[in-house]
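Architecture and fold: a report
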Amino acid sequence: MIFGIKEKSIILTNFDVLFAIATNIHVRLKTGFVLQVAVQGTVSLQCSNVRRGFHRAALLRLASDSKSDTSVPPPSYHEVHTAGESSSSSAQGESSEDAQPNTSFQDQSGEHGEDYETEEQLQARILTAALEFVPQHGWTVEAIAAAAETLGLSSASTGMFNNGAGDLVLHFVAQCNAQLAETLAEQNNQVQLGQAEAKKTAEFLKDAVETRLRMLIPYIDTWPQAMSILLLPHNIPDSLKHLSTMVDDIWYYAGDRSTDVNWYTRRAALTGIYNTTELVMVQDSSPDFEETWAFLDNRIKDVVNMANTAKQVQATGEAVVQGLMGAAITVTTQKMIQFPERNILSTKRLLGLLF
Amino acid sequence: MHRFVRPQLMLRDSKQPLLPRAGHLCTNHKSVVSSVRGYVVLPPTSDEEEKAMLHRMMRVDHAGEYGANRIYAGQMAVLGRTQISPLIQEMWDQEKQHLRKFNEILAENRVRPTLLLPLWNIAGFALGAGSALLGKEGAMACTVAVEESISEHYNSQIRTLMEKDPEKYTELLQLIKEFRDDEMEHHDTGLEHDAESVNLNYCHDRMSCMNYNIKIQILNNSNN
C-alpha cells in the first residue's frame, strides 16, 4: 500500500499521482510525511489546468477524509476533467470547495451556490488567515497549510500558491499598503472638510512612514525572514512595484504635484528613508521602538535640510551669474562706446546669448 | 517647477470646486473626485493596459512640450533683442500654456514624468540657441522643422485614439486637436517669415526634424 513515496522522481503519470493522493491519508497517518511534495512535483509535468483539477479533487477528497464532518460523495473524475479542461468552469469547481465546507458539497451535480468566490478571493482568504500562524511557523508554506486547515480545507491547498512563502509575504505587503492608502485618503478627506489641520510635509512623511512601519510590529520577530524572501530574484519585481506605489501614494497625499526631475528625487529619497528605517526597526529593542522613530525623524530632517540647501545653492549660483553678466555687459558696453567702428553685430549676438 | 497642493474635492460635472477654502459640507453631490479642473481630460479607466497607454501618451506629449519650451527659450536667449523677438515670444507663450496644461494633466492623473527631462532641457536649449545663432532665418527654419514633427506626432496620436474609441476620448481628442492646430499655426508663421530663404535650410530642416523624431522615438521606446 505504501510505496517509496519519499522520492519525487517516482511520481510520473497522472494515475500514479491520483493513486498517491488517494493513499495520502494513509501515508500521513503512518509517516507524517506530507504529500505536498508529490503534488508539487507534478507541477512541471502537467498543464496547470489539469493540475488544478487534481488539486480540487485532492481538496475535496482529503478535506472530507480528514475532517469526516460531512458525507461526501466520491470525487467525480468527470468533475475533475471538466474543471481541468476549461477555466470557465473554474468557478464551478471552486464553488464545491466553498467557504462552508459542511454545506456545499452537495452541489457537485452542477448547481452552484449563490455566493461562490473566485480563486483569487479564496487565495486571499487563506493568506490572510495564514498571517495568524506566522509568529509560530514563520513566513513559510507551513503557515499557509495551517491556515488552510483552519478554514476547513486540506493542507494540500498550499499547492495553489506557486510562490509559496513569497505569495504570503507579498500578500501581506499589499494588504499593508492598501491600509496605508486608505488611512492617508481618510486623513486627506478630513483636511478637505476642514475637520483637521494640514500637516507640514516633514511631519506628514514622518507620520505616514511610522504608520506603515507600525503594521510590521506584530511580525517584527520574523520580519527579517520576510525581507529576505522579498529580495529573492523572482520576487524583486513585485516587491519593487509595491514599494514604489507605496512611496508614490505617500508623496501624492503629501501634496507633491511635481512634473519634473523632482518627482524622481523625492521618491528616491523617501524610498531610502523607508528602507533604512525598516532595517533599524528590525534591530531595535527599545520600548515601543522609540529609537526607530527618532532615527526616522533625523533622516527626514536630513532630506529636508538637503532640499533647502540645494535651493539656497541654486539661488546663490543664480545671483553670482547675474552679477558676472552685469560686469560683462558693463565692460563690453564700455568697449563698444570706445570703439564704435568695430563690427558690433557679433558682439551683440554674443551678449544676447550670454544673458 | 514643482507645486505643492492638497488634492481638492470636486463635483464630477461642475466647474466649481466643491468645497471652498472655508470648508462647508455639501450633501447634494452625486460623486466626488479629486480634480483641479471641472472636467477630466483622461477618461477614468480600470483597464491596466489602456491606462498605461494613456499615461505613456501623456508622458511623451509632456516631454515634447517641455522640449519645445526650451527650444524657444534658447532662441529668445540669442535673438531676444532683435526685431523678431516679439514673434518668438508670442509662440513661446503659447508653448508655455501647452506645457502648463500637460503639467496639470500629469498631476491630476498621477502620471510619471519622463526621466529624460534634464536631457531634453539641455538639448532643446542647445537646438534653439544654435539655430538662432544662424540668424532669424535659422530660427524660423528650426521652428518650422520642429513644429512639423510635433504636428505629425499629434496627428498619429489622434489617429490612434480615433481608431480605438472616439466617443470615450472626446475631451482628450479635443485637447490634442487644439494643440496640433496651434503647432500648425507656428509652422505657418515660421514659413511666412522667410524660413525657406536659408541655403542651409534643407540640411537644417532635416536635422531638426531628425532631432525631434529621435526624441519622440526614444520617449516612445523608453516608456513602453
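Residues numbered from 1 in each chain as written. Chains lettered and ligands numbered in written order. Predicted model: local features only at pLDDT ≥ 70, side-chain atom pairs only at ≥ 80, totals over all residues. Heavy atoms only, no water.

**Section: the overall build of chain B**
For clarity, the cut-off: By definition, any uninterrupted DSSP run of H or I lasting at least four residues is a helix, any uninterrupted run of E lasting at least two residues is a strand, and each is numbered from the N terminus. Only protein chains enter the calculation, and the probe is 1.4 Å; a residue is then buried if its accessible area is under 20% of its type maximum, exposed if over 50%, and partly exposed in between. A 1.4 Å probe and the Shrake-Rupley method give the accessible areas. Residues count as covered only by the protein chains that appear here.
Tallying secondary structure elements over chain B gives six helices and two strands in all. Each helix (α) and strand (β) of chain B, taken in turn from the N terminus, gives the series β-β-α-α-α-α-α-α. Burial statistics for chain B: of 224 residues in total, 49% are counted as buried. Approximately 11,400 Å² of chain B is accessible, and the part contributed by carbon and sulfur atoms is 52%.

**A look at the packing of aromatic side chains**
Rules: Working definition: a ring pair exists when centres of Phe, Tyr or Trp rings (six-membered ring for Trp) sit within 6.5 Å. Plane angles under 30 degrees give stacked, over 60 give edge-to-face, the rest tilted. Charge-over-ring placement is defined geometrically: NZ (Lys) or CZ (Arg) within 6 Å of the ring centre, and within 35 degrees of the ring normal.
One pass over the structure, following the stated rule, counts eight aromatic pairs over all chains. For the pair W139(A) and F172(A), a centre-to-centre distance of 5.4 Å together with 50° between the ring planes defines the contact as tilted. One end of the pair, W139(A), is in the loop between helix 8 (134–137) and helix 9 (141–150); the other, F172(A), is in helix 10 (residues 165–192), and 33 residues separate them in sequence. Exposure remark for W139(A): the relative accessible area of 1% places this residue in the buried category. Given a relative accessible area of 3%, F172(A) falls into the buried group. With 4.9 Å between their ring centres and 70° between their planes, F172(A) and Y219(A) make a pair best called edge-to-face. Taken together, the positions of F172(A) in helix 10 and Y219(A) in the loop between helix 11 (201–214) and helix 12 (223–230) put the pair 47 residues apart, joining distant regions of the chain. Residue classification places Y219(A) among the buried residues on the basis of a relative accessible area of 14%. What links up through ring pairs into an aromatic cluster is the set W139(A), F172(A), Y219(A) and W223(A). Taking the ring centre of W92(B) as reference, the NZ or CZ of K96(B) above it sits at 4.1 Å.

**Quick notes on the confidence of the model for chain A**
Residues and elements named next belong to chain A. Operational definition: Confidence of the predictor in every single residue is expressed as pLDDT, which spans 0 to 100. Contacts were defined at the residue level, with two residues in contact if any of their heavy atoms lie within 4.5 Å.
Summarising the model, chain A shows a mean pLDDT of 77, and 64% of its residues fall at 70 or more. When the criterion is pLDDT under 50, residues 31–47 qualifies, and its contacts beyond four places in sequence or with other chains add up to 31 contacts. Counting interchain partners and residues more than four positions distant, the pLDDT-below-50 stretch residues 66–111 has 61 contacts.

**Digging into the UniProt feature "binding site: Fe cation 1" (unreviewed entry) in chain B**
All names here are of chain B. Note the threshold: UniProt positions are given in the numbering used here, feature names are shortened, and annotations may be inferred rather than shown by experiment.
The feature "binding site: Fe cation 1" (unreviewed entry), as given by UniProt, occupies E65, E95, H98 and E183 in the numbering adopted here. Maximum C-alpha separation among the annotated residues is 10.4 Å over a sequence range of 119 residues, consistent with a single clustered spot. Look past the residues within four positions of E65 in its chain and what remains in contact with it is E95, H98, L99, F102, Y154, F179 and E183. Among the structural elements, H98 can be located in helix 2 (residues 85–108). Judged by relative accessible area, H98 falls into the buried class, the value being 1%.

**Concerning the packing of helix 10 of chain A against helix 11 of chain A**
Residues and elements named next belong to chain A. Defined as follows: Axis definition: a line fit to C-alpha positions, over the contact stretch in the case of helices; interaxial angles, taken between N-to-C directions, run 0 to 180 degrees. By definition, turning the near helix anticlockwise from the far helix through less than a right angle yields a left-handed crossing, and turning it clockwise yields a right-handed one.
Between helix 10 and helix 11, the least distance of the axes is 10 Å, while the angle of their chain directions is 145°. Helix 11 is crossed by helix 10, and the crossing has right-handed handedness. Contact residues: helix 10 offers V173, C176, N177, L180, L184 and Q187, while helix 11 offers F204, A208, T211 and R212.

**Digging into a nonpolar patch on the surface**
To keep it simple, the criterion reads: By definition, no residue in a patch forms a salt bridge, and every one has over 30% relative accessible area; like charges are joined within 9 Å, nonpolar side chains (Val, Leu, Ile, Met, Phe, Trp, Tyr) within 5 Å. For this document, the term salt bridge refers to a Lys or Arg side-chain nitrogen within 4 Å of an Asp or Glu carboxyl oxygen.
On the surface, a cluster of nonpolar side chains totalling about 290 Å² of accessible area is made up of L231(A), I236(A) and L240(A). Within the secondary structure, L240(A) is located in helix 13 (residues 236–254).

**Some thoughts on the UniProt feature "binding site: Fe cation 2" (unreviewed entry) in chain B**
Residues and elements named next belong to chain B. Heads up, the condition is: N or O atoms closer than or at 3.5 Å make up a polar contact, with two conditions inside protein: a donor-capable atom paired with an acceptor-capable one, and, for residues adjacent in sequence, both atoms drawn from side chains.
With numbering aligned to this structure, UniProt lists the feature "binding site: Fe cation 2" (unreviewed entry) at E95, E147, E183 and H186. Spanning 92 residues, the annotated positions come together in the fold, the maximum distance between their C-alpha atoms being 11.0 Å. By the secondary structure assignment, E95 is in helix 2. Residue class for E95 comes out buried when judged on its relative accessible area of 0%. Setting aside its immediate chain neighbours within four residues, E95 contacts E65, A68, Y72, E147, E183 and H186. By the element assignment, H186 lies in helix 5 (residues 170–192). For H186, the residues in contact, after removing those within four places along its chain, are Y72, M91, Q94, E95, T143 and E147. A distance of 3.5 Å separates polar atoms of two side chains, one belonging to H186 and the other to Y72.

**A short note on unusual backbone geometry**
Residue and element names in this part refer to chain A. One non-glycine residue, D288, lies in positive phi territory at about 55°. Its location among the elements puts D288 in the loop between helix 14 (262–282) and helix 15 (290–338). Taking the relative accessible area as the measure of exposure, D288 reaches 46% and is therefore partly exposed. Within the chain, F289 stands out as a residue other than glycine whose phi angle is a positive 55°. Among the secondary structure elements, F289 is positioned in the loop between helix 14 and helix 15.

**What about the nonpolar core?**
All names here are of chain A. Operational definition: Among buried residues, the Ala, Val, Leu, Ile, Met, Phe, Trp, Tyr and Cys ones that are joined through side-chain atoms within 4.5 Å form a nonpolar core.
One finds I126, W139, L168, F172, W223 and I250 to be the most contacted residues of the largest nonpolar core, which totals 56 residues. For this core, the elements supplying multiple residues, two or more each, are helix 7 (119–130), helix 9, helix 10, helix 11, helix 12, helix 13, helix 14 and helix 15. At nine residues, helix 10 tops the list of elements feeding residues into this core. Sequence-distant contacts of I126, that is, excluding residues within four places in its chain, are made with I144, A147, A148, L151, L153, S157, M160 and F161.

**Some details on the side chain of R212(A)**
Residues and elements named next belong to chain A. Operational definition: The charged-residue count follows a simple rule in which Lys and Arg add positive charge and Asp and Glu add negative charge, with His and chain termini not counted at all.
Tracing the sequence through the fold places R212 in helix 11. Here R212 sits buried without a salt bridge, and the closest side chain of opposite charge, E278, lies 6.5 Å off (N-O distance). Reaching out from R212, the side chain makes a polar contact with the side chain of N177 at a distance of 2.8 Å. With near-sequence residues (within four places) excluded, R212 lies in contact with V173, C176, N177, L180, M246 and Y274.

**Description of the confidence of the model for chain B**
Residue and element names in this part refer to chain B. Looking at chain B, the pLDDT average stands at 80 and 72% of residues meet or exceed 70. Here residues 9–38 is a poorly scored stretch, pLDDT under 50, and it has 54 contacts once near neighbours within four places are set aside; other chains count. Here the predicted complex scores 0.67 on pTM and 0.74 on ipTM.

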